[in-house]
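The residues making up each chain are set out below.
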Amino acid sequence: MVRFVTNTTKESKQDLLDRLKKLEFDISEDEIFTSLTAARNLVEQKQVRPMLLVDDRALPDFKGIQTSDPNAVVIGLAPEHFHYQILNQAFRLLLDGAALIAVHKARYYKRKDGLALGPGPFVTALEYATDTKATVVGKPEKTFFLEALRGTGCEPEEAVMIGDDCRDDVGGAQNVGMLGILVKTGKYRAADEEKINPPPYLTCESFPHAVDHILQHLL
Amino acid sequence: MAAWGKRLAGVRGVLLDISGVLYDGGEDGGAPIRGSVEAVARLKQSRLKVRFCTNESQKSRQELVGLLRRQGFDISEGEVTAPAPATSLILKERGLRPHLLVHDGVRSEFGQIDTSNPNCVVIADAGEGFSYQNMNKAFRVLMELEKPVLISLGKGRYYKETSGLMLDVGAYMKALEYACGIEAEVVGKPSPEYFQSALKEMGVEAHEQAIMIGDDIVGDVGGAQRCGMRALQVRTGKFRPSDEQHPEVKADGYVDNLAEAVDLLLQHATK
């Protein structure tokens, strides 16, 4: 059984599906689990009205959620919203008691022009300023991985996570009892595998290498 | 009348926070807090020594003092301890060349500093200058350094302007700390060196002789007390009622504003 899990907050599930299908990946909608889905589920559960600091392209995943007169703040990867005025608005809501929901707390991500700040630093800024803690719904939170496995019939111990982010993908998965394989592509930087304890089950060159290993050694 | 006033006996020097005690800043220059102009004048007329100890890092000392004088305050540049000049000294001593993430208003305080080929980042209250792009630039400088050094002018969480509460440099400092996995060095309150340099300028000892008056329960009051000074919390500026029940810091006294603090000081301290 395969699940595609992502912390992406820049695309709705539909956009993601379309993009991957165009690249000829064999993938269906119910195999995708994103941190945006996890965020929406939490907003509905808490019955709050969020100020959405998410990419415009992520808005379809929040269709039907009331956003006027907000009493919560949802933060995803949205550099266009991370300037002073908007963050200050969010800060004032939080100081008044609004809930802070972080889609994930990634420190940075890889862009064509180099590394770029993720939402994590800005969530940290708001947590410090308001002396509160965000509820994080994406990787590496345990609930994210457990929710993703729901419906697969697999226990964590029977599952393998393949990712390029040592702390968030591999560390998070291993924390729940899964095996973690770190691939040296994407945002990987030299010696990342030394940054978690216990270290990744396996560190390898790329996704195809990881798949080879699984087919040869783990089935 | 506050019964604890007697605890003010023996004070010889007063350290005054500026923002939230003297005035609230704002886009149009802000406004003095009621009674503060006169309170400063009365302090100056007394035998108590006065020094202004601020974490203001959006404006140069010259700009700040000019603004306050126009509002009627008796204040001069030589009486102000501010973080930017203190930082410049440190940069020179350690041969550091900074990438400056600061408000344009304070750049002149770093006029003598070599900023080519930066080997550290200096972050101050950049206000609107805290755009994603500018934060990202600073982040990239730090990530490229073998030994990343981040110097922060203060680490306040927020401050008060006439329009409301505003995110302060501390929040953005934490953002860069988290992104890079490093710890910043703080120049300014509540660092003990900062208070000590202000006391030295004033020629007064912390213990038994000095008192700090501020609106930040942790940065002003807590920081001052950890240096052996007494400290009063004002209920103006960024003060919020929950500050009076702070789990770690108990001020030596809570006053409505600077005017009330000065009434009590002049009553009890100058005997």
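What comes next is a walk through the structure. (Residues numbered from 1 in each chain as written. Chains lettered and ligands numbered in written order. Predicted model: local features only at pLDDT ≥ 70, side-chain atom pairs only at ≥ 80, totals over all residues. Heavy atoms only, no water.)

### Observations regarding the pattern of salt bridges
- Taken as a whole, this structure holds 25 salt bridges over all chains when the rule is applied.
- Of the charged contacts, one joins E147 of chain A and R150 of chain A as a salt bridge, the two residues approaching to 3.1 Å between their closest N and O atoms.
- Here the residues in one salt-bridge network are R111 and D113 of chain A together with R140 of chain B, joined through shared partners. (Salt bridge = Lys/Arg side-chain N within 4 Å of Asp/Glu carboxyl O.)

### Some thoughts on the pairing of strand 3 (residues 50-53) of chain A
All names here are of chain A.
- Side-chain alternation along strand 3 places P50 and L52 on one buried face and M51 and L53 on a second face that is also buried.
- Strand direction decides the pairing type here: strand 3 and strand 4 (residues 72-75), joined by 4 bridges, are parallel. Residue pairing in the sheet places M51 in a bridge with V73 of strand 4. (Buried < 20%, exposed > 50% of the residue type's maximum accessible area, 1.4 Å probe, protein only. Helix = DSSP H or I, 4+ residues; strand = E, 2+ residues; numbered from the N terminus. Pairing = 2+ DSSP bridges.)

### Topic: the interface of chain B and chain A
- Listed by partner, the interface residues are 30 residues for chain B and 31 residues for chain A.
- Among the residues of chain B in contact with chain A, Y132, L167 and Y178 of chain B are the three that bury the most area, contributing 29% of the side total.
- The interface formed by chain B and chain A holds 1 salt bridge in total.
- Between R140 of chain B and D113 of chain A there is a salt bridge, and its shortest N-O distance comes to 3.4 Å.
- Broken down by secondary-structure element, the contributors of at least two residues to the side of chain B that touches chain A are helix 4 (132-144), strand 9 (158-161), strand 10 (164-167) and helix 5 (169-180) of chain B.
- For the side of chain B that touches chain A, the per-class residue count stands at 16 nonpolar, 8 polar and 6 charged. (Contact = heavy atoms within 4.5 Å. Buried area = accessible area lost by both parts, 1.4 Å probe. Nonpolar A, V, L, I, M, F, W, Y, C, P; charged D, E, K, R; others polar.)

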